[in-house]
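Topology and contacts: notes
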Amino acid sequence: MKLRALGALFLALLLGGCGAPPQPAPEAPLPVPEPPVYAIISKEKSNPYMQNMADGFSAACRELGAEALCMGPDSYTAQAQIDIIDALIDRKVDAIVIAANDSDELQDALQRAMDEGIAVLSLDSAVNRESRMLHIQQADPEKIGRVLIQAACKMADGEGKAAVLSATRQATNQNLWIEWMQREIEQNPSVYAKFELLPVAYGDDEPEKSREETLRLLEENPDLKVIISPSVVGMLAVGQTLQEEESPVLFTGLGLPSEIAPYIESGSCPWMYLWNPIDLGYLSAYAADGLATGRITGREGDNLTAGRLGLRVVVDAEDGGTELLLGDPVKFDPDNIGEWKSVY
């Protein structure tokens, strides 16, 4: 009897009758990859143009599945930006995009970042070509410079004095635009024979200093006809000061439609120019992602699909580096300011 029972048990074991076979241990879940971190550093954190740029940067980062860090110093100095760069290196971000307060002073810090494998780009105001992998150019500097001085001359009916109120002496983009203004005058002497461009004034992108410089220009030049400000902060300060002083002087330059609309509508600023700073920040984020992931290298001829902005091609820059171009400057006047003033 016992032998019969043992035989039955042995047969059951052979046939698997003792229950379900043992299951393999469950595999541990794969770790979820951390999103890349891309940082944008503005010239100064309260500048409304820079804030619009950061908004576009953040929107693109959301599309890319990346974390956006929008940073900015309290002052328009290179050292304040260097402190932020060093903190971002310590955090080991994947890309840094910067609007430079100085083209050369940032080189050591940005080189440290690149040595750590961080993709480095400039936008709006370029760092020198050794300090970056790519620059994001808002518009052709030649077109900007020429169109601004042409506008001022036309507003002055071809004769009289015009002044330029720029940002800082180290602003690479504004210095380049002013160079093209001067070239336009030099290359077309007959057009500008009765038109005089005064020495450049600097408001340092600070509202109060820009106001003071505007007052000085008015006091020292009673026959002044037009003020050009290739600075968003400067444009608003000029408009406000001319209005307060009830001055007949006209002004033009590069301004935000939302801020300058009242002056265009009143005729104090017959027309002005700009590009979309939201799009500029948006394009820079896609370029940062392309460099950080290795899809582009920053060399001339690289192709980049930048979301809603479509295909962009890396081209040679005037300083010997490379850049991506956003597009041509847009003219804002009484015919279109109504539709744009609510956009940015």
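Just so it is clear, the model here is predicted, and its values are computed rather than measured.

What counts, and where the lines are drawn
- Residues numbered from 1 in each chain as written.
- Predicted model: local features only at pLDDT ≥ 70, side-chain atom pairs only at ≥ 80, totals over all residues.
- Heavy atoms only, no water.
- Helix = DSSP H or I, 4+ residues; strand = E, 2+ residues; numbered from the N terminus.
- Expected span 1.5 Å × (residues − 1).
- Buried < 20%, exposed > 50% of the residue type's maximum accessible area, 1.4 Å probe, protein only.
- Contact = heavy atoms within 4.5 Å.
- Polar contact = N/O pair within 3.5 Å; in protein donor to acceptor, adjacent residues only side chain to side chain.
- pLDDT = per-residue confidence, 0-100.

What to know about helix 5 (residues 141-155)
The terminal C-alpha atoms of helix 5 lie 21 Å apart, and with 15 residues this matches the ideal 21 Å at 1.5 Å per residue to within 8%. The buried count for helix 5 comes to 11 of 15 residues, which makes it a mostly enclosed element. Within helix 5, the full set of buried residues consists of P141, I144, G145, R146, V147, L148, I149, A151, A152, C153 and M155. Of the surrounding elements, those touching the buried residues of helix 5 are strand 5 (134-137), helix 6 (172-187), strand 7 (194-197), strand 9 (224-229), strand 10 (250-253) and strand 11 (272-274). The N-capping residue of helix 5, defined by a side-chain oxygen 2.9 Å from the backbone nitrogen of E142, is D140. Note on helix 5: the residue one or two positions beyond its end, D157, has a positive phi of about 60°.

Examining helix 6
Counted at 1.5 Å a residue, the expected span for helix 6 with its 16 residues is 22 Å, and the 22 Å between its end C-alpha atoms agrees. Turning to helix 6, its buried residues are N173, Q174, L176, W177, I178, W180, M181, E184 and I185. Check the buried side of helix 6 and you find it contacts helix 5, strand 6 (159-166), strand 7 and strand 9.

Focus on the confidence of the model for the protein
Confidence in the prediction of the protein, expressed as mean pLDDT, is 93, and 91% of residues score 70 or more. Within the model, the stretch residues 1-19 combines pLDDT values under 50 with three contacts to residues more than four positions away or in other chains.

Comments concerning unusual backbone geometry
Of note, D124 is a non-glycine position whose phi angle comes to about 65°, a positive value. Considering the arrangement of structural elements, one finds D124 in the loop between strand 4 (119-123) and strand 5. Among the residues examined, D124 registers a relative accessible area of 3% and is labelled buried. Phi at E246 is positive, roughly 50°, even though this residue is not glycine. If you trace the backbone, E246 turns up in the loop between helix 8 (232-244) and strand 10. Judged by its relative accessible area of 71%, E246 is exposed.

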